[in-house]
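The chain contents come next:
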Amino acid sequence: MKLNKFFIIAFAGVALTACNDIDEIQPAGSGLTQEQVNKIYESLPVRAEATFSGMFTMMGKPGATFDSGRAEDFGFIMMAISQDAEAADYVYPNSGYNWFSVCGEYSSRNPDYANPYIRYAMPYNQIKTANDVLKSYEGREDADAINHMAQCRAIRAFDYLALAPYYQYKYVGHENELCVPLVTLETTDFANNPRATVKEVYDLILEDLNYAVENLSIERDSKARINKTVALGLRARAYMNMEKWAEAAADASAALDLCAQEGLSPATIDEVSTPSFYDINDHNWVWGFDMTENLANKDYATCASWESSFSANGYAAGVAVYACINNLLYNKISDTDVRKGWWVDDNLHSPLLSTISWNGVSGDAISTLAIDDIKLEFFPYTNVKFGLSTIGGDKNDADFPFMRVEELILIKAESLAKSGNEGEAKTVLSDFVKNFRDPAYNIAMSSRSLADEIWFQRRVELWGEGFGMSDVMRLGKPVVRFHEGEDTNQPDAFRFNVEPTDPWLLLRFCTSETNTNASIIDNEGGVIPVMYQNGNLRDGVTD
């Protein structure tokens, strides 16, 4: 298993898929010019369909960006882990095997590191593919073409939503600040393509999602594709970022109505009382990545390798790079809440372990089970949320959720609360938690504000699914990883807090982009955090 501590890429000195301009970051295996692509599409419509399908495959495919066997190169799933690892609640050890240590220490602002490069290149790779498919369907008005174009535009909106929150502060108050470049069918001068403003980025996001909502139905081939329900959910996310609360509440509510038509509903307490979150067919998944056994190919660059503590062929168990919850958040979860069992406690106990076995070992003994070159002992607060179809299996074919029914419920609750409907918001939140997570839940007993209570529920429910840092940025909250004078399971090197206005929160543009796009004005300011800084900061949830 490869030891990778520093993750440095010398872009000028290695033969990678570096971009001559932002629009020409090619998907893996693609070396065609746009003119060649268009001719192929005209003569072989099946090729257009293959490119369309490939646009979804690249979302979690091992080697999606470099095609070089890097263990942290697996599309938007890797981006989700990175964003959580930069926030407060997702704890990885400070280990030489931890390919995400750059996120823990915030050296991910180095423009020559692979991690920020992947997080920048991956969305633009997909934007390029979406634009190619859109170009191939220009002038067509048949139902298949419109459906494909609507999905492509929804994907493009998703891509910009995967970029915008990390290159500029939250929408309100920063509408006219620089965000990221826009690449559309009309973009021609890629060497001089300046950063668009935050407002311009969100204008395109909404334009694309409006088209998708208007032209998609709930019908689709699989939950790995986008339908109207997903498009509404994505637009609700965009409206949340923009603090357009009434619109976000309406879209979340409409999406939930369509979920009911699709037979989708929250996972029950019984269903999440065992390690789960690995199967796209589960009735609480709205949209996800369908990791087939063939695509996973027992690869380290997979969700199972990094987030499941039960893979016999992964970094998590194999070298003890376990994804753990910050004990600050864990200690706030009620003992009557089924989600407290999504992580082992400080004694390595979780009731979820009694439902499974590994090599004939069951219950808490799984925590201390050690198998040479396969599994090491769990740490306190190791997650057992993310299961596997075969405990101790080595296929790494776990799926990954991009959107769940539970998220839509929490969007609805937050948006109602912040649009002046606190009573209805409390009802929505209480009904969800009491019926599906904690029968003893009483919102009146919370000492938090309603907004912070909803954020608490998001942080627990959506842990490990990529919302940690985006929530911090859109809410204008500090990153609070430790409390001065209290015990913490954060490694020393990652034990710091960050003010919400610290310029170091903003990602920097990769060197390949600033070298080839003369109009890029990079983010600047701030310094890399130091251990134990801002120990008195509080976030309203873990206080």
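Residues numbered from 1 in each chain as written. Predicted model: local features only at pLDDT ≥ 70, side-chain atom pairs only at ≥ 80, totals over all residues. Heavy atoms only, no water.

Draft legend 1. Geometry of the overall build of the chain. Per the secondary structure count, the chain includes 20 helices and 8 strands. Here the C-alpha atoms of the chain give a radius of gyration of 22 Å, agreeing with the 24 Å that 2.2 N^0.38 yields for 543 residues. Its C-alpha atoms put the chain at 60 × 55 × 45 Å along the principal axes. Accessible surface, the chain as shown: approximately 19500 Å² in total, 48% of it carbon and sulfur. In the chain, 45 side chains carry a positive charge and 78 a negative one; their mean positions are 1 Å apart. (Helix = DSSP H or I, 4+ residues; strand = E, 2+ residues; numbered from the N terminus. Rg over C-alpha atoms; globule rule 2.2 N^0.38 Å. Areas by Shrake-Rupley, 256 points an atom, 1.4 Å probe, with all protein chains shown as cover. Lys, Arg positive; Asp, Glu negative; His and termini not counted. Charge placed at Lys NZ, Arg CZ, Asp CG, Glu CD.)

Draft legend 2. Examining the packing of aromatic side chains more closely. Following the criterion strictly, the structure yields 33 aromatic pairs and no others. Ring geometry for W99 against Y315: centres 6.4 Å apart, planes inclined by 85°, an arrangement best described as edge-to-face. Here W99, found in the loop between strand 1 (90-91) and helix 4 (101-105), pairs with Y315, found in helix 13 (residues 315-318); they are 216 residues apart in sequence, far enough to count as distant. Residues W99 and Y315 agree in their burial class; the two are buried. Taking 4.6 Å as the distance between ring centres and 10° as the angle between the ring planes, the aromatic pair formed by W306 and Y315 counts as stacked. Each member of the pair W306 and Y315 is classed as buried. Members of the aromatic cluster, each reached through a chain of ring pairs, are Y90, Y92, W99, F100, F277, Y300, W306, Y315, W342, W343, F386 and W463. (Phe/Tyr/Trp six-rings, centres within 6.5 Å; stacked < 30°, edge-to-face > 60°. Buried < 20%, exposed > 50% of the residue type's maximum accessible area, 1.4 Å probe, protein only.)

Draft legend 3. Main features of the nonpolar core. Counting residues in hydrophobic clusters, the biggest one holds 173 residues, and the most contacted among them are Y160, W287 and W306. Of all the elements, helix 5 (residues 114-136) adds the most residues to this core, at 11 residues. (Core = buried A, V, L, I, M, F, W, Y, C linked by side-chain atoms within 4.5 Å.)

Draft legend 4. Local environment of the environment of T368. Among the structural elements, T368 can be located in helix 15 (residues 365-368). Considered as a pair, T368 and D431 are 63 residues apart in the sequence and their alpha carbons are 37 Å apart. Apart from the residues lying within four places of it in its own chain, the contact partners of T368 are L348 and E377. (Contact = heavy atoms within 4.5 Å.)

Draft legend 5. Spotlight on the pattern of salt bridges. For the structure shown, the criterion picks out 34 salt bridges. Residue E461 pairs with R404 through a salt bridge whose shortest N-O separation is 2.9 Å. Taken together, the positions of E461 in helix 18 (residues 450-461) and R404 in strand 8 (residues 400-404) put the pair 57 residues apart, joining distant regions of the chain. Several salt bridges share partner residues, and in doing so they unite D337, R339, K385, R404, E406, R437, E461 and E465 into one network. (Salt bridge = Lys/Arg side-chain N within 4 Å of Asp/Glu carboxyl O.)

Draft legend 6. Structural view of helix 5. With 23 residues, helix 5 should reach 33 Å at 1.5 Å per residue; the first-to-last C-alpha distance of 32 Å fits that figure. Most of helix 5 sits out of view: 21 of its 23 residues are buried. (Expected span 1.5 Å × (residues − 1).)

Draft legend 7. Representation of the pairing of strand 8 in the model. Strand 8 sits mainly inside the fold: 5 of its 5 residues count as buried. Relative to strand 8, strand 4 (residues 285-289) runs antiparallel, the two being bridged by 4 bridges. Residue pairing across strands places W285 opposite R404, the latter belonging to strand 8. (Pairing = 2+ DSSP bridges.)

Draft legend 8. Here's a closer look at the confidence of the model for the chain. Taken as a whole, the chain shows an average pLDDT of 92; of its residues, 92% reach a score of 70 or greater. Here residues 2-32 is a poorly scored stretch, pLDDT under 50, and it has 81 contacts once near neighbours within four places are set aside; other chains count. (pLDDT = per-residue confidence, 0-100.)

Draft legend 9. Up close: the packing of helix 9 (residues 228-242) against helix 10 (residues 245-262). Axis separation between helix 9 and helix 10 bottoms out at 8 Å; the angle between their running directions is 160°. Our classification of the angle between helix 9 and helix 10 gives roughly antiparallel. Once helix 9 is placed against helix 10, the crossing between them reads as left-handed. Here K228, T229, L232, G233, R235, A236, Y239 and M240 of helix 9 come into contact with helix 10, specifically with W245, E247, A248, D251, A252, A254, A255, L258, C259 and E262. Residues of the contact of helix 9 with helix 10, tallied by class, amount to 11 nonpolar, 2 polar and 5 charged. (Axes fitted to C-alpha atoms, helices over the stretch in contact; angles between N-to-C directions. Parallel < 35°, antiparallel > 145°, perpendicular 65-115°, else oblique. Left-handed = near helix turned anticlockwise from the far one by under 90°. Nonpolar A, V, L, I, M, F, W, Y, C, P; charged D, E, K, R; others polar.)

Draft legend 10. Seen up close, unusual backbone geometry. Phi angles above zero are rare outside glycine, and F277 is one such case at about 60°. With respect to the helices and strands, F277 occurs in the loop between helix 10 and strand 4. When its relative accessible area of 3% is taken as the criterion, F277 is described as buried. The backbone of Y532 sits at a positive phi, close to 70°, despite the residue not being glycine. Tracing the backbone shows Y532 in the segment after helix 20 (511-516). Residue class for Y532 comes out partly exposed when judged on its relative accessible area of 42%.

Draft legend 11. Here's a closer look at the environment of K244. Checked against the element boundaries, K244 lands in the loop between helix 9 and helix 10. Separated by 171 residues in the primary sequence, K244 and S415 have C-alpha atoms spaced 8.2 Å apart.

Draft legend 12. Just helix 9, in detail. Its 15 residues give helix 9 an end-to-end C-alpha distance of 21 Å, which sits within 8% of 21 Å, the value for a rise of 1.5 Å per residue. Counting buried residues in helix 9 gives 14 out of 15 residues, a clear majority hidden from the surface. Between a side-chain oxygen at the N-terminus of helix 9 and the backbone nitrogen of T229 the separation is 3.2 Å; the capping residue is N227. Remark: E243 follows helix 9 within two positions and exhibits a positive phi of approximately 60°. (Polar contact = N/O pair within 3.5 Å; in protein donor to acceptor, adjacent residues only side chain to side chain.)

Draft legend 13. Main features of the environment of Y202. Considering the arrangement of structural elements, one finds Y202 in helix 8 (residues 198-215). Separated by 39 residues in sequence, Y202 and N241 have C-alpha atoms that sit 9.3 Å apart. Residues contacting Y202, with those up to four places away along its chain left out, are L161, A164, P165, Y171, A238, N241 and M242.

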